[in-house]
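Residue strings, one per chain:
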Amino acid sequence: MEPGSRGAAPGGVSVSAVLPAGGSGERLGGATPKQFCAVQGRPLVSYAVWAMERISWISDVIVVVSPEKIETMKTIIEKYGHKKVTVVEGGITRHRSIFNGLKVFAENEFSSHLLQRPEVVIIHDAVRPFVDEDIVSKVVMAAKEHGAAGAIRPLVSTVIASAADGCLDHSLERARYRASEMPQAFLFDTIYEAYQQCTDYDLDYGTECLHLVLKYCKTNAKLVEGTADLWKVTYKRDLYAAESIIKDNLSQQVCVITNVKGTLAQVGFLLPESLKSQIKVEAISLSLSKNDSHLQNIISGQCYNFVCVNDKRCAIQEIQELVDMLEKSNIPLLYPVVLISVHLDISENNSFSIGMEDLTMIKKYARETKKKNILFYGLLIQYK
């Protein structure tokens, strides 16, 4: 399902997301705020937006940025084909920015038109690019039941308090405490009421949304155990870690495109089934000439490995169409794309159905695509 369409949300509630992205990135160092730093050639904020946007049941994604970064964010949206995004001007603090993002659903002055008010709103940091649908679904379901919910992780280090003289005052029992992470989710009316009631001090110095709904709405948030990949990019070293994770993720997913019929369709089905135990597989049955939107969404999500299964004598044209789609998608090809064309040969004789002329054409095209950082391989399977 492509971004912009709506699937069934957990519990049947309407859901939208607000991503505060107005930070200055002081702890990262450098002139560029961390959310706009490039990772694998793509701004970090784009990964976080896509993580929300690809979830079909999230209706709208609100990205809140500082005034001077509004045009930059709009350029990112256009370049990477984000479909559900509304850009909002942020405030001088995190809480003020989140409040502005929520106002898009309730007050005309913050948007050219009011978006449909969701029953549940997700709040997620723009510098947390690694979040999957499972944890988002869990916090949404918990928020529907309890009014608020947030992901948590065990503390890595013991928390201590220092006395006025700089010596140890006391330490906290680490087993009793947890680190508050993102995503968090709230009944919209609850979190919006909390922001309407909170003081300027809360807006200027507060950091925890769960605390606001507890303080002003008497709502005890449900805490949901999160996964280890919910960490936040804070320092420069985190950018290198994020790049390493993204590269690893790219090598662990493949899109299998089948364009076969009859008995051969079973072979096309068995390939992705056999791969599922080892890597993440997206299987599509289509003709590339149809310009399928599902495939375009997979490409825009930065899938770098493709297997095309066909029974045509020479499928070089289909590979060319896929390469054209990759080039038009504007994804940065800093990491090699791997294309494997699997030809299923059903000829009765023992000779290969692909001749030397076809092989020469394939080799020539492989040399051309290699210059574009696209590695093209061919595989012939005789099926009897």
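Everything discussed here concerns the structure shown above.
Every value quoted in this text rests on a predicted model; they were computed, and no experiment measured them.

Details of the packing of aromatic side chains
- With the rule as written, the count across this model stands at 7 aromatic pairs.
- Seen from their ring centres, Phe105 and Phe188 are 5.7 Å apart, and the 80 degrees between their planes marks the pair as edge-to-face. With Phe105 in the loop between helix 3 (94-103) and strand 6 (120-123) and Phe188 in helix 5 (residues 188-197), this residue pair connects regions lying 83 residues apart in the sequence.
- For Phe105, a relative accessible area of 3% puts it in the buried group.
- By the ring-pair criterion, three or more aromatic residues cluster together here, those being Phe99, Phe105, Phe188, Tyr192 and Tyr195.
- The aromatic ring of Phe99 is capped on one face by Lys103, whose charged end is 4.2 Å from the ring centroid.

Notes on the pattern of salt bridges
- One pass over the full model with this rule turns up 10 salt bridges.
- Among the ionic pairs, Asp202 bridges to Lys215, the shortest N-O distance being 3.3 Å. Taken together, the positions of Asp202 in helix 6 (residues 200-205) and Lys215 in helix 7 (residues 209-217) put the pair 13 residues apart, joining distant regions of the chain.
- The partly exposed category is assigned to Lys215, whose relative accessible area is 39%.
- With a shortest N-O distance of 2.9 Å, Glu273 and Lys276 are connected by a salt bridge.
- Overall, Glu273 belongs to the partly exposed group, its relative accessible area being 35%.
- Connected through shared salt-bridge partners, Arg94, Asp125, Arg128 and Glu181 make up one network.

Calculation notes
- Residues numbered from 1 in each chain as written.
- Predicted model: local features only at pLDDT ≥ 70, side-chain atom pairs only at ≥ 80, totals over all residues.
- Heavy atoms only, no water.
- Phe/Tyr/Trp six-rings, centres within 6.5 Å; stacked < 30°, edge-to-face > 60°.
- Helix = DSSP H or I, 4+ residues; strand = E, 2+ residues; numbered from the N terminus.
- Buried < 20%, exposed > 50% of the residue type's maximum accessible area, 1.4 Å probe, protein only.
- Lys NZ or Arg CZ within 6 Å of the ring centre and 35° of its normal.
- Salt bridge = Lys/Arg side-chain N within 4 Å of Asp/Glu carboxyl O.

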